[in-house]
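Here is what each chain is made of, one letter per residue.
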Amino acid sequence: MARPSDGIAPTILRLLASRGLMQTICPSEVARAITPHHTGAPDAWRAHMADVRAFVVRMAARGEVVVMQRGRAVDTMTARGPIRIGPVRGRGR
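Definitions and limits used
- Every chain begins its residue count from 1, and numbering advances along the sequence as written.
- Only residues with pLDDT of at least 70 get local features here, since the model is predicted, and only at 80 or more are side-chain atom pairs given and counted; chain-wide, interface and lining totals rely on the full set of residues.
- By convention in this description, side-chain values take in all heavy atoms of the structure and omit both hydrogens and water.
- Per the convention used, a helix needs a DSSP run of H or I reaching at least four residues, while a strand needs a run of E reaching at least two, with both numbered from the N terminus.
- Each residue is placed in one exposure class: buried if its accessible area under a 1.4 Å probe, protein chains only, is under 20% of its type's maximum, exposed if it is over 50%, and partly exposed if it falls in between.
- We call two residues contacting when some pair of their heavy atoms lies within 4.5 Å.
- Here the Shrake-Rupley method, with its probe set to 1.4 Å, supplies the accessible areas, and only the displayed protein chains count as covering residues.
- When a carboxyl oxygen of Asp or Glu is within 4 Å of a side-chain nitrogen of Lys or Arg, the pair counts as a salt bridge.
- What the arc describes is the spread of directions from the helix axis to the C-beta atoms.

A tally of helices and strands in the chain yields three helices and three strands. Ordering the α and β elements of the chain from the N terminus gives α-α-α-β-β-β. The buried share of the chain, taken over its 93 residues, is 34%. Long-range contacts, defined as pairs at least 24 residues apart, comprise 48% of the intrachain contacts of the chain with a sequence gap of at least 6. By element, 56% of the accessible surface of the chain is carried by carbon and sulfur atoms, the whole surface being about 5,900 Å².

Spelled out as structure tokens, the structure:
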């Protein structure tokens, strides 16, 4: 049985591709997209936020995404508070 966390990385890449080169996504969009709608709990997506952020850190370390705050790229290890996920510029998107 597939777990919601299995789809985090593909969901991040799919959402970024649907936005365009200069656009970012919010980690909560990813959490909402991977949360089954049949849970019955409107805030069930919140349980996935830590997993989403952990995947974003790993993906940024591999150069697959950029972590942004206030419109600038930030170090994932020191970023505190709300972040945005952006595409890596110049990778053909």
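Next up on the list: the pattern of salt bridges. For the coordinates displayed, the defined rule picks out three salt bridges. For R19, the salt bridge identified is with E29, shortest N-O distance 2.3 Å. Taken together, the residues R19 in helix α1 (residues 8–19) and E29 in helix α2 (residues 27–34) connect sequence positions 10 residues apart. Given the relative accessible area of 35%, R19 is considered partly exposed. A salt bridge links E64 to R62; its shortest N-O distance comes to 3.0 Å.

Here we come to the side chain of S28. Within the element layout of this structure, S28 appears in helix α2. Given a relative accessible area of 12%, S28 falls into the buried group. Ignoring any residue separated from it by four or fewer positions in sequence, one finds S28 in contact with W45 and M49.

We now examine α2. All buried positions along α2 are accounted for by P27, S28, V30, A31 and I34. Along α2, the residues classed as buried sweep out an arc of 155° about the axis, all on the same side. Elements in contact with the buried residues of α2: α1, α3 (49–61) and β3 (84–87).

Mapped onto the secondary structure, C26 falls in the loop between α1 and α2. Since its relative accessible area comes to 22%, C26 is described here as partly exposed. Taking the C-alpha atoms as reference points, C26 and I12, separated by 14 residues in sequence, lie 9.5 Å from one another.

What follows concerns the side chain of T76. Its location among the elements puts T76 in the loop between β2 (72–73) and β3. Taking relative accessible area as the criterion, T76 reaches 18% and is therefore assigned buried. Excluding its chain neighbours within four sequence positions, the residues that come into contact with T76 are V57, A60 and V67.

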